[in-house]
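In case you want the letters, here they are:
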Amino acid sequence: MTNLNQSNLSKATSTLKNKEEIIQNVRILNTPTLNQVFSINPNQSPNKINKALGNEAQFYLQSANKNDYAIFYIENYTQGNHFKLGAKKILDFIILRFSERNSYKQKDSKIDVEVVFSLEEYAEVLGRRNPKSSSTKKDVRRIVKEALDIVYSCSIETYEKRGGEIQKFSKMRILQDYTIKNSVCTINFGIKFAEYMNRSYIMNFPMSLFKLDGRNSNAYCVARRLSVHQSILNNKKKGTNKIISVNSLLKVAPCIPSIEEVRSSNCSWSNRIEDKLTDTLDKLTDSNGQVETKILESWCYCNSKGAPISDEQLLDMNYYSFSNLYVNFSVCGID
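To keep things clear, this report deals only with the structure shown in the data block. All of these numbers come straight from a predicted model, not from anything done at the bench. (Residues numbered from 1 in each chain as written. Predicted model: local features only at pLDDT ≥ 70, side-chain atom pairs only at ≥ 80, totals over all residues. Heavy atoms only, no water.)

1. Considerations on the packing of helix α2 (residues 85-101) against helix α6 (residues 217-231)
Where α2 meets α6, the closest approach of the two axes is 10 Å, and the angle between their N-to-C directions is 35°. Two packed elements cross with a definite hand, and for α2 against α6 that hand is left-handed. For the pair α2 and α6, contact is made by L85, K88, K89 and D92 and by S217, Y220, C221 and R224, respectively. Partitioning the contact of α2 with α6 into residue classes produces 3 nonpolar, 1 polar and 4 charged. (Axes fitted to C-alpha atoms, helices over the stretch in contact; angles between N-to-C directions. Helix = DSSP H or I, 4+ residues; strand = E, 2+ residues; numbered from the N terminus. Left-handed = near helix turned anticlockwise from the far one by under 90°. Contact = heavy atoms within 4.5 Å. Nonpolar A, V, L, I, M, F, W, Y, C, P; charged D, E, K, R; others polar.)

2. Some remarks on the side chain of S39
Note that S39 resides in the loop between α1 (32-37) and β3 (48-50). Given a relative accessible area of 15%, S39 falls into the buried group. Setting aside chain neighbours within four positions, we find S39 in contact with K88, K251, V252 and P254. (Buried < 20%, exposed > 50% of the residue type's maximum accessible area, 1.4 Å probe, protein only.)

3. Focus: the sheet that holds strand β7 (residues 154-162)
Sheet architecture is open: 5 strands sit in the order β3-β4-β5-β7-β8, paired in antiparallel fashion. Each edge of the open sheet is held by one strand with a lone partner, namely β3 and β8 (165-173). The mean inter-strand angle of the sheet, taken between neighbouring strand axes irrespective of direction, is 20°. Contacting β7 and β8, helix α5 (residues 191-198) runs over the sheet at an angle of about 145° to β8. (Pairing = 2+ DSSP bridges.)

4. Concerning the layout of surface pockets
Counted as a void, the largest pocket has a volume near 1300 Å³. In terms of lining, the largest pocket is formed by 40 residues, of which the most central are Q36, S39, S248, K251 and V252. Of the residues forming the lining of the largest pocket, the biggest block, 5 residues, is contributed by helix α8 (residues 246-252). Tallied by class, the residues present in the lining of the largest pocket amount to 20 nonpolar, 12 polar and 8 charged. (1 Å grid on protein atoms, 1.4 Å probe; cavity = no way out; pocket = protein on both sides within 12 Å on 5 of 7 lines; lining within 4 Å. Points joined across faces, edges and corners; volume = space filled by probe spheres on them.)

Dropping the structure here:
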């Protein structure tokens with residue numbers, strides 16, 4: 001078994017968009033439970049707070065075992081230290097680096113839990129101007145520390161299918177420790193979490209995701225979900241890798257309210273739900289002239305199997321008919 005960074009799994013794949021600009025995708029490890037964590041609403045209340053364990057919050061997620069939840073834990077929880085977009089980005093980035101350093105699913109190899117990167121390097125990944133400047137490094141240091149403080153407080157327990165069987169993964173701390181010294185970040189994953197990740201799955205990840213505006217959680221989470229969906233080999237075999245239900249995207253967009261929330265506030269469902277999803281997908285397609293920030297080649301609403309929407313459907317559109325539609329899409333650089 002080869003290392004991810006020694007094979008095509010982690011080498012950036014490129015799609016030439018014009019003579020000068022290239023969009024890069026890499027392949028990184030991901031898990032069904034962790035994918036759900038990325039869609040937790042910033043304002044979502046925990047299912048439980050255990051005060052006896054230092055105000056530890058618990059968020060219940062779906063697991064492969066129908067009788068048990070997966071649980072995402074945040075220590076020392078307050079509403080202000082929720083799992084924000086900055087924490088999601090840094091977690092994806094360090095998992096990417098972990099993916100490059102380890103042999104995928106190789107039982108006999110020792111897992112390397114350490115990840116090292118510079119503030120300048122992360123500034124470049126975020127698309128910051130003048131990544132070498134002291135002011136940029138100072139700002140990125142603040143962003144990285146705040147994000148890692150949050151990730152350090154997080155743990156996961158879950159049931160997932162591995163090799164056709166449901167396995168239990170007891171509570172795992174994501175990070176064991178981290179330091180930022182002389183503009184270099186050194187991170188050690190928890191060994192149980194590292195083993196869990198190294199025996200998981202692989203997705204195509206557009207590097208341009210990191211450059212998305214940090215104030216737009218919907219764009220990051222929706223784009224990430226589309227990338228996961230298009231990466232799944234079974235979806236490709238069935239011809240469904242570029243079509244996904246609207247309902248699936250609404251579930252992962254953390255800042256799009258549910259229909260119950262909209263109705264309780266007497267607001268328009270089309271303004272709060274349809275327009276927000278449409279705007280998010282448009283932003284992922286519009287690069288504003290910068291090809292490296294473009295995520296989607298194209299997208300459109302459709303019916304199942306890509307069938308066009310009829311005029312009658314448009315005239316009678318309500319929330320339930322809208323949520324039962326599909327999105328036909330193509331992520332840049334993914335087959």
